[in-house]
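Coordinate analysis (summary)
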Amino acid sequence: MIYFDNSATTKVAPSVLETYQKVSEQIWGNPSSLHNFGEQADHLLEQSRQQIADLLGVNLSEILFTSGGTEGDNWVVKGTAMEKRAFGRHIITSSVEHPAVHNSMEQLAQLGYEITYLPVDEEGRVSAADVAAAIRPDTILVSVMAVNNEVGSIQPLLEIADVLKDKPTIHFHIDAVQGIGKGIPELIFNDRVDFITFSGHKFHAPRGIGFIYARAGKRLAPLMTGGGQERNLRSGTENLPAIAGMARALRLMLENESDNVANERAVRQRILDHVKDFPKVTLFSQPNDHFAPHILCFAIEGVRGETIVHAFEDHDIYISTTSACSSKKHLASSTLTAMKVPEQVSTSAVRVSLDENNTLAEADTFNDVFDQLYEQFKKINS
Amino acid sequence: MDHIYLDNAATTPMSDEVVATMMDQMQHDFGNASSVHAFGRKARAVLDDSRHVIANSIHAKDDEIVFTAGGTESNNTVWMQTATVRRDLGRRIITTAIEHESIMKTANWLAHNGYDVVYLPVNEEGSINLDDLKAALTDDTILVSIMTGNNEVGSTMPIHEIGELLQDHQAWFHTDAVQAYGLLDIDVNRDHIDLLSTSAHKINGPKQMGFLFRREGIDFPSFMKGGDQEDKRRAGTENIPAIAGFATAVTALTADEKAHRQAKYASFKQYVVDGLTKAGVDFEINGSLRPDNLQHVLNLWIKGVENDVTLTNLDLAGVAVSAGSACTAGSLDPSHVLVAMFGKDNPRVMQSIRLSFGRYTTTADLDSFINALTAMTQRLNASANEQEAN
């Protein structure tokens, strides 16, 4: 079995599972409780928060736990809109964001906010000059992803940070769900960023857990109100086994980040070098530093993406159409559409997404299967 | 020292079978249910099976169950989305003065943003009067949100009567059943419930997992925007291991098992009351020993002893109880539930503690509690007498 769909979800790491089980069985109290069970749980909660903060080089109080990437994105986008509505109603984002950002923007548009969707180039990247040109006196938020989940392009985050340098009242949010552990920490944790979204299950932590980084002093209205957990900013009994597991998963990933990245890049290159010369193949991810090491998106002209996915599946290789979220809709990829890829090509796109456990041998197997399938598709289409 | 846990309304430990289910899911079936390949389809099957088990538990249809990140999210979703989508039909929302914080805080926010929120009073048993609801109900009421059972005193509300009353009214009927779900027979059709919130970690399931029952035809946009998961009603990659764990926890709660627990916890309550009486502790029950209450919660006024003193003493003796709900426990504000029942000037509001029983509670635990509390009150009385003598 070859699992090449790590951008959809990753398998929980064995040692993370151990942590999860141990905490579930031993430290299951409610961290808000005042008694011993609660104190132990609260202690582990803050220890996990400290560990994550240390790994990322930020302050303890800047890490806030959520139920995942979707909640983090919803919270930063809508929480900014609510917090800053007296100051303005204009928001700038890209046209290739994850639905968690995009659909939050659409909801705000219905409530009277004005959203500027920046165009992208053929690599799926916005330009900082476009950000600068879009800024107005009533702009309250710029929200741009670190790494696109469908094609893997890295946004020019430092250039955008530079544009926003003398605009301190605008919140700058980065959706880093696909960007953590991919060798670009200096782009994500830049001097100007205010909020960053992370999701645990994309880096071998359990489902249903994530966190946001919120720069000290930057205010966000809560999305979830109630018992006042997470410094009164995110209510709901804390999911401690998953939080402790996530802290461990983050450490595992970051302590080997450069090796992981080198491996993923090599595996991706092996596949890319092989498929790029086939006449019916169109590459959307390029082997340059504008792209993350773990995502390769390409199309085989004349074959639907879903057909390609199932054909690989018959050989026990798991890839996806462009994103898990859009794969059920049989729709053209929104990122590819924004990149002005014609629909007859974009509906033929598939995504290979890697993690540190994938190997060159798996890439070779993939390439062999690719050859067979390519021949089959050619026969069917001729 | 063995620690005794009598705070099951705050949270419960996961049962062994729930942990086993979740570990198995995380090790073997880790697909994203939205993926079209075999991993995704397997995950989808687990999701569908779990939904079926859970729908059955409240007599709902499968597609009326939306998985969420827990009780807080379910409650926030109902209030915020109903307020938004129905604002043209009216601005009045009726609730009680003793709801959980996830409703109280959301209600306060809406009250400050143009909504007319009515908080129904409660009597000294901690329940509402149906006539108060009838009096508050206007044509432009859009939501009635009344908890099934209270988390601090265990009182239950006349859910069936409320459901009947609202049957021909435009208002949607929501009930927060987080505390009641593991003990009462809930039937959303019998009781004409439109929306219902639950939480898995109160029934030996995982934290940050719950569901929202949304009756067919009740339509509002997703609170969490993003992918099309949960039939476009809750975005975010499905937390399948936790969902499967939740279903495992629900499977253990058959009608018989729930009735058995209610009876067992009722006898626990009586045991504590008898034990403390025999030991000469000066106390009173906040609420009542009514048989239709949630029997896992027992709230006691320990006369003359501030609750922080009691909590500290019990904790040192290795017994975990709480004052009010866990969420507000960090603050020393009086419980809003006790204030609603007795008024803010009543000494009870700062001198009461909550015990809550669970699957693993034994009478030996109750003995430990009774002994620790008795020892404390005797010590306090002795030192008070000494001071008086001096």
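Predicted model, so just to flag it, every value in this text is computed and none were measured.

What to know about the overall build of chain A
Scanning chain A from N- to C-terminus turns up 15 helices and twelve strands. On C-alpha atoms alone, chain A measures out to a radius of gyration of 21 Å, which is about the 21 Å that the 2.2 N^0.38 rule sets for 382 residues. Taken over the C-alpha atoms alone, chain A extends approximately 70 × 50 × 35 Å along its principal axes. Taking contacts inside chain A between residues at least 6 apart in sequence as the whole, the part at least 24 apart equals 73%. Per element, the accessible surface of chain A, about 13600 Å² overall, is 50% carbon and sulfur. Of the side-chain charges in chain A, 34 are positive and 49 negative, and the distance between the mean point of each set is 4 Å.

Focus: the domain arrangement of chain A
All names here are of chain A. Once the domains are mapped, chain A shows domain 1 (2-9 + 257-370) and domain 2 (14-254). For domain 1 versus domain 2, the separation of C-alpha centres amounts to 26 Å. With 33 residues of domain 1 in contact, the opposing surface of domain 2 contributes 30 residues. Sorting the residues of domain 1 by area buried against domain 2 places Glu 257, His 290 and Thr 335 first, and these three jointly supply 25% of that buried surface. Where domain 1 packs against domain 2, one counts one salt bridge. Counting only elements with at least two residues in the side of domain 1 that touches domain 2, the list comes to helix H10 (257-275), strand E10 (295-300) and helix H13 (334-338).

Points about the domain arrangement of chain B
As a measure of interface size, the accessible area lost when the parts come together is often cited. Residue and element names in this part refer to chain B. Here chain B is partitioned into domain 1 (16-251) and domain 2 (255-389). Averaged C-alpha coordinates put domain 1 and domain 2 at centres separated by 29 Å. Contacts between domain 1 and domain 2 engage 30 residues on the former and 29 residues on the latter. Roughly 2500 Å² is buried in total at the junction of domain 1 and domain 2, and carbon and sulfur atoms are behind 52% of that figure. Per-residue buried area on domain 1 facing domain 2 is highest for Glu 152, Val 153 and Leu 183; these three make up 30% of the total on that side. Taken together, the connections running from domain 1 to domain 2 amount to two salt bridges. Between Glu 17 and Arg 359 there is a salt bridge, and its shortest N-O distance comes to 3.1 Å. If you look at where domain 1 meets domain 2, you find ten residue pairs in polar contact (both at pLDDT 80 or more). Elements supplying a minimum of two residues to the side of domain 1 that touches domain 2: helix H1 (16-28) and helix H4 (101-111). Per-class residue counts for the side of domain 1 that touches domain 2 are nine nonpolar, 13 polar and eight charged.

Regarding the environment of B:Gln351
All names here are of chain B. Structurally, Gln 351 is set in the loop between helix H12 (336-342) and strand E12 (352-356). Distance in space between the C-alpha atoms of Gln 351 and Ala 9 is 19 Å, their sequence separation being 342 residues. The residues touching Gln 351, leaving out its near neighbours within four places in the chain, are Leu 300, Trp 301, Ile 302, Lys 303, Gly 304, Val 305, Glu 306 and Asn 307. At 2.9 Å, the side chain of Gln 351 forms a polar contact with the backbone nitrogen of Gly 304.

Details of the packing of helix H9 (residues 255-278) of chain B against helix H13 (residues 363-389) of chain B
Residues and elements named next belong to chain B. Two elements in contact, H9 and H13, have axes separated by 10 Å at closest approach and are oriented at 30°. One element, H9, and the other, H13, form an angle in the roughly parallel class. Along this stretch, H9 crosses H13, giving a crossing that reads as right-handed. Note on element contacts: H13 touches H9 through Thr 363, Leu 366, Asp 367, Phe 369, Ile 370, Leu 373 and Thr 374, opposite Phe 268, Tyr 271, Val 272, Gly 275 and Leu 276.

Parameters at a glance
- Residues numbered from 1 in each chain as written.
- Chains lettered and ligands numbered in written order.
- Predicted model: local features only at pLDDT ≥ 70, side-chain atom pairs only at ≥ 80, totals over all residues.
- Heavy atoms only, no water.
- Helix = DSSP H or I, 4+ residues; strand = E, 2+ residues; numbered from the N terminus.
- Rg over C-alpha atoms; globule rule 2.2 N^0.38 Å.
- Contact = heavy atoms within 4.5 Å.
- Areas by Shrake-Rupley, 256 points an atom, 1.4 Å probe, with all protein chains shown as cover.
- Lys, Arg positive; Asp, Glu negative; His and termini not counted.
- Charge placed at Lys NZ, Arg CZ, Asp CG, Glu CD.
- Domains from an automatic or database assignment.
- Buried area = accessible area lost by both parts, 1.4 Å probe.
- Salt bridge = Lys/Arg side-chain N within 4 Å of Asp/Glu carboxyl O.
- Polar contact = N/O pair within 3.5 Å; in protein donor to acceptor, adjacent residues only side chain to side chain.
- Nonpolar A, V, L, I, M, F, W, Y, C, P; charged D, E, K, R; others polar.
- Axes fitted to C-alpha atoms, helices over the stretch in contact; angles between N-to-C directions.
- Parallel < 35°, antiparallel > 145°, perpendicular 65-115°, else oblique.
- Left-handed = near helix turned anticlockwise from the far one by under 90°.

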